[in-house]
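Fold and contact review
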Amino acid sequence: MAYQLLKYALGGEYKEPRFFRDCQTPKKSYDAVIIGGGGHGLAAAYYLAKDHGITNVAVLEKGYIGGGNTGRNTTIVRSNYLTPDGVNFYDASVKLFEGLSTELDINLFYSNRGHFTLAHSDSAMRTMRWRAEVNKHVGVKSRVVGTDEIAKACPQMDLSCSGKSPIQGALYHEPGSIARHDAVAWGYARGADSMGVEIFQNTEVQGIDIQNGQVQGVQTSRGYISTGKVLSAVAGFTPRICKMVDLKTPIVIHPLQACVSEPMKPWLDTILVSGSLHVYVSQSSRGELVMGSSLDPYEFHSTRSTFDFVEGLTSHIVDMFPFLSNVKIVRQWAGMADITPDFAPIMGMTPIKGFYLDAGWGTWGFKATPISGKTMAHTLANDKPHDLIHSFRLSRFEDYELTGEKGAASVGH
Amino acid sequence: MKLLNCPMNGVRPLSEFLFGGEFREMPNPDASTDLEWASYVHYRDNAPGIKKEWWYHSPSGTWFIAERNTLTDEVLATYLHGNSPVSKVKEPS
């Protein structure tokens, strides 16, 4: 190892291959253009090439790969949702995640931890039972557990939460896991690139050309690209892209903040979530506690972070773990979450022919990365929505068929 | 701490306020079609810019309108509904 490093240091040229080509000049036309080089967009490009043989595809990223919400989430993967449609969809995603390190030949540090959603009240316990039953019904491993089992899994926690909101029980979800989120984007990027997909970083979409209700092309900061199919996978920027095509959606943007502590020796094996205390926490493979809270309380298109957030979050963390009171927070950040009224995504076709939407990912996007890529690729290739995403269609709002996915985000709803 | 100017109570800390969403004109519920009603309830532009919004001052129970830039978080004006000042503010586009 040391010898290898020394050889690199003295050898001049860095011989490790790039993950993907450094594309600069787009072709005049592509079979499909994907806006957004996050996990979702890159996964869609990967599965378009792999499952459907469509490789003449450009991915346009305004910043850099994985620099948006893909690199800003708290990396939790789980499928213990509330509606059968949601549970089936996220379960398919968890299954893809489990084999993804092998498939993409990159170590995602996918770590199966088990996931406890803590309940501090009778009504919270009722919701946990409801979720457990729906989960079991569709074959997902979730069950309600008592405080004895929680204490066994996490003996460091004060089960009375400093006497303020004693824990009554929890929903335990065995497949709950964490992963290295940026590696997911990089893995999909390399996979897609190796099959011919071209990835353009620092490339902004400035307009979308539509004639007679059909997409004709995309105006970008690197010139005009003609294409019949455009997929928007831009999370918090969705309203700005939708405005280019004059499409209205129910999406509202709220910042969602997170932070990490200084690294510690491993002590927290599980993922813990408390809806009442507005907290979720896990320990990363680097030893940092990764912590998140609920959405910022009003619409705001920015990734600024606030002291209010850290103050509120850490006071609840210390209620759960009094011994952490001297631990330092080393980083905090925010992402723009695209929230929908029923806490389910908006995926699939739109009234504009050739314009596909993968949006409304709010606080639940990272865990859906593989399955959203797979189902959106299917939707683009066949010009017909995949069965798994039927109930997530944009038109559900005018059909008055909202999903009611209140178990979607662990916190704050 | 961030502050907001309640038209009834003056400048107060933001933690006393609740966000009520973008202000939209309600179509006549008896005359509108299902689609028009669904559009009113759900569909909006929501791209960043200067927006007219409902805000609520919780201690005094006051609903009012704020004109706010959702990209920069600058509040340009606050007033009670129906009392729009002949504002220095450009109408939201």
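Each helix and strand in chain A was counted, giving ten helices and 20 strands. By principal-axis analysis of the C-alpha atoms, chain A measures approximately 65 × 65 × 40 Å. The buried share of chain A, taken over its 413 residues, is 53%. A sequence separation of at least 24 residues applies to 76% of the contacts in chain A between residues at least 6 apart.

Glancing now at the overall build of chain B. A count of helices and strands for chain B gives one helix and six strands. Reading chain B from its N end, one meets helices and strands in the order β-β-β-α-β-β-β. Taking the principal axes of the C-alpha coordinates as reference, chain B spans close to 45 × 25 × 25 Å. Buried positions account for 16% of the 93 residues belonging to chain B. The contacts of chain B with a sequence gap of at least 6 include a subset with a gap of at least 24, amounting to 45%.

Our next topic: the confidence of the model for chain B. Per-chain confidence: chain B averages 90 in pLDDT, with 90% of residues scoring 70 or above. Reported for the predicted complex are a pTM of 0.93 and an ipTM of 0.90.

With that settled, consider the interface of chain B and chain A. Each side of the interface is counted separately: chain B has 13 residues, and chain A has 19 residues. If you tally residues by element for the side of chain B that touches chain A, the top one is helix α1 (residues 34-42) of chain B, at three residues. Looking at the side of chain B that touches chain A, its residues break down into seven nonpolar, three polar and three charged.

This brings us to helix α3 (residues 84-98) of chain A. Residues and elements named next belong to chain A. A rise of 1.5 Å per residue sets the reference length of α3, with its 15 residues, at 21 Å; its end C-alpha atoms lie 21 Å apart and thus fit the reference within 8%. Regarding α3, the residues found buried are G86, V87, F89, Y90, D91, S93, V94 and F97. On its buried face, α3 sits against β3 (76-77), α4 (100-104), α5 (122-137) and α10 (369-382).

Okay, the sheet that holds strand β4 (residues 50-57) of chain B next. Residue and element names in this part refer to chain B. Ordered in space as β3-β4-β5-β6, the four strands form an open sheet in which the pairing is antiparallel. Only two strands of the sheet have a single partner each, and these edge strands are β3 (17-22) and β6 (74-79). Adjacent strand axes in the sheet meet at a mean angle of 35° when their direction is disregarded. Pairing of β3 with β4 involves four bridges; the strand directions are antiparallel. When the bridges of β4 are listed, F17 appears paired with H57.

Before going further, it helps to spend a moment on α10 of chain A. Residue and element names in this part refer to chain A. Counted at 1.5 Å a residue, the expected span for α10 with its 14 residues is 20 Å, and the 20 Å between its end C-alpha atoms agrees. In terms of burial, α10 is a largely internal element, twelve of the 14 residues being buried. Of the positions making up α10, those classed as buried are T369, P370, I371, S372, G373, K374, T375, M376, A377, H378, T379 and L380.

What follows deals with the packing of helix α2 (residues 39-52) of chain A against helix α7 (residues 181-194) of chain A. Residue and element names in this part refer to chain A. Packing of α2 against α7 leaves a shortest axis separation of 8 Å and a crossing angle of 30°. Here α2 lies roughly parallel to α7, going by the angle between them. The handedness of the crossing between α2 and α7 is left-handed. Counted together, G39, L42, A43, A45, Y46 and A49 of α2 and V184, A185, Y188, A189, G191 and A192 of α7 form the full contact between these two elements. Of the residues contributing to the contact of α2 with α7, the split by class is ten nonpolar, two polar and no charged.

Time to look at unusual backbone geometry. Residues and elements named next belong to chain A. In this structure, D105 takes a positive phi of about 55° despite not being glycine. Positionally, D105 belongs in the loop between α4 and β4 (111-112). Residue D105 is classed as exposed on the basis of its 10 C-beta neighbours within 10 Å.

Attention now moves to the packing of α3 of chain A against α10 of chain A. Residues and elements named next belong to chain A. The N-to-C vectors of α3 and α10 enclose an angle of 105°; their axes lie 7 Å apart at closest approach. Our classification of the angle between α3 and α10 gives roughly perpendicular. Of the residues in α10, those touching α3 at F89, A92, S93, L96 and F97 are P370, I371 and K374. Of the residues that constitute the contact of α3 with α10, the class distribution is six nonpolar, one polar and one charged.

Attention shifts here to the nonpolar core. Core analysis: the largest hydrophobic core is formed by 120 residues, its most contacted members being A45 and V57 of chain A. Per-element accounting of this core gives the leading share, eight residues, to α2 of chain A. If you look at the next biggest cluster of nonpolar residues, it comprises six residues, including F17, F64, I65 and A66 of chain B.

The next thing to look at is the sheet that holds strand β19 (residues 346-348) of chain A. Residues and elements named next belong to chain A. If you walk across this open sheet you meet the six strands as β9-β2-β1-β13-β20-β19, and the pairing is mixed. A single partner strand is all that each edge strand has here, and the edge strands are β9 (198-200) and β19. On average, each strand axis in the sheet is inclined to that of its neighbour by 20°, with strand direction left out of account. Where α2 meets the sheet, its contacts fall on β1 (32-35), β2 (57-60), β13 (230-232) and β20 (355-359), and the angle it forms with β2 comes to roughly 175°.

Rules behind the numbers
- Residues numbered from 1 in each chain as written.
- Chains lettered and ligands numbered in written order.
- Predicted model: local features only at pLDDT ≥ 70, side-chain atom pairs only at ≥ 80, totals over all residues.
- Helix = DSSP H or I, 4+ residues; strand = E, 2+ residues; numbered from the N terminus.
- Buried ≥ 20, exposed ≤ 12 C-beta atoms within 10 Å, placed from the backbone.
- Contact = placed C-beta atoms within 7 Å.
- pLDDT = per-residue confidence, 0-100.
- Nonpolar A, V, L, I, M, F, W, Y, C, P; charged D, E, K, R; others polar.
- Expected span 1.5 Å × (residues − 1).
- Pairing = 2+ DSSP bridges.
- Axes fitted to C-alpha atoms, helices over the stretch in contact; angles between N-to-C directions.
- Parallel < 35°, antiparallel > 145°, perpendicular 65-115°, else oblique.
- Left-handed = near helix turned anticlockwise from the far one by under 90°.
- Core = buried A, V, L, I, M, F, W, Y, C linked by C-beta atoms within 7 Å.

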